[in-house]
Amino acid sequence: MKHLIIKKNKIFLVTIIFIFSLNFIFSQSDSQKDLNSWTTIGIEYKLNTKWEFSLEEQLRLKEDISVIDEYFTQFNTEYLLFKGFTIGAGVRFIKENDNRGKIQGYEDHFRFHFQSSFKHKINKLALKYRLRYQNKNELGKDDVTNQHIRFKTYVGYNFKNWKLDPKFSAELYHKIGDEISNKFDKYRFTLGTEYKFKKLGKLNIFFRVEKELNELFPETTNIIGLKYIYTIKN
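Attention in this report is confined to the structure presented alongside it. (Residues numbered from 1 in each chain as written. Predicted model: local features only at pLDDT ≥ 70, side-chain atom pairs only at ≥ 80, totals over all residues. Heavy atoms only, no water.)

1. Let's talk about the sheet that holds strand β8 (residues 166–176)
Spatially, the 11 strands close up into a barrel ordered β1-β2-β3-β4-β5-β6-β7-β8-β9-β10-β11, and their pairing is mixed. Along the sheet, successive strands turn relative to each other by an average axial angle of 20°, direction set aside. Bridge analysis of strand β6 (residues 125–138) against strand β7 (residues 146–157) gives 12 bridges, and the strand direction is antiparallel. Its bridge partner lying in β7, K128 is registered against Y154. (Pairing = 2+ DSSP bridges. Helix = DSSP H or I, 4+ residues; strand = E, 2+ residues; numbered from the N terminus. Axes fitted to C-alpha atoms, helices over the stretch in contact; angles between N-to-C directions.)

2. Things to note about the pairing of strand β9 (residues 183–197)
Both β8 and β9 contribute to a ladder of 10 bridges, which runs antiparallel. From the neighbouring strand, K175 faces β9, where its bridge partner is K183. Bridge count between β9 and strand β10 (residues 201–212): 12 bridges; the pairing is antiparallel. Residue pairing across strands places T193 opposite I205, the latter belonging to β10. The antiparallel hairpin formed by β9 and β10 contains three residues in its connecting segment, where K199 sits at a positive phi of about 65°.

3. With respect to the side chain of N204
Inspection of the secondary structure assignment puts N204 in strand β10. Note on N204: relative accessible area 19%, which makes it buried. Not counting chain neighbours up to four residues away, the residues in contact with N204 comprise T193, E194, G225, L226 and K227. (Buried < 20%, exposed > 50% of the residue type's maximum accessible area, 1.4 Å probe, protein only. Contact = heavy atoms within 4.5 Å.)

4. Topic: the environment of S37
Turning to its location among the elements, S37 is positioned in strand β1 (residues 32–46). Expressed as a C-alpha distance, the spacing of S37 and R60, which sit 23 residues apart in the sequence, is 5.7 Å. With sequence-adjacent residues up to four places away left out, S37 is seen in contact with L59, R60, L61, I65 and I224.

5. Examining the side chain of Q134
Position of Q134 among the secondary structure elements: in strand β6. Owing to a relative accessible area of 7%, Q134 belongs among the buried residues under this scheme. For Q134, the side chain forms a polar contact with the side chain of R150, separated by 2.4 Å. Other than its neighbours up to four places away in sequence, Q134 contacts R111, F112, H113, N146, Q147, H148 and R150. (Polar contact = N/O pair within 3.5 Å; in protein donor to acceptor, adjacent residues only side chain to side chain.)

By themselves these figures say nothing about function.
Below is the structure:
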């Protein structure tokens with residue numbers, strides 16, 4: 001029985017890595033590629049069993065991690081309606097580096113979102129599904145609002161006596177707009193792991209592949225990420 005469980009664990013891990021690697025290999029055939037890095041530090045406050053709040057600061061680099069893409073402050077809140085099901089909202093204040101075109105420089109953007117999520121377990125598998133509405137626009141300009149519906153699925157596996165359990169997620173973006181722009185325009189695959197420090201928070205490391213959809217020359221972005229969150233419990 002023990003050998004059978006170990007075999008199933010290996011099969012699961014190999015399958016996830018194979019799917020992720022296959023997408024990564026195909027993405028390299030695109031003519032437009034970039035390597036980004038996302039670094040996040042934040043604090044999480046659990047008021048009680050229902051309410052949770054978080055504040056994050058993030059820096060993103062682009063063009064093969066040589067240029068600042070953007071940096072932002074984000075505030076989130078979540079409320080547990082019943083076991084496994086939460087609703088939430090968040091706001092983000094962004095400084096975005098526009099280094100293309102005639103007018104360049106840092107632009108101020110504001111983004112907000114509403115979401116719902118559900119999580120459950122099947123044996124050692126941890127599953128989560130998230131549906132999010134997102135709205136973003138540039139401050140001080142009467143421009144067209146950038147709206148998206150995002151659907152994300154997570155899967156994690158709990159290996160016995162192993163603290164770096166693998167986590168895999170896939171996310172699909174659908175842009176809301178007129179007849180031309182109303183379409184699926186991006187997807188993401190992410191493979192990562194998380195390490196929890198006793199009384200010192202948690203550290204998340206991941207690798208992500210992001211690819212545009214329904215474009216003549218779709219851009220593929222490979223992202224390496226590091227995220228540290230300190231948790232306060234009431």
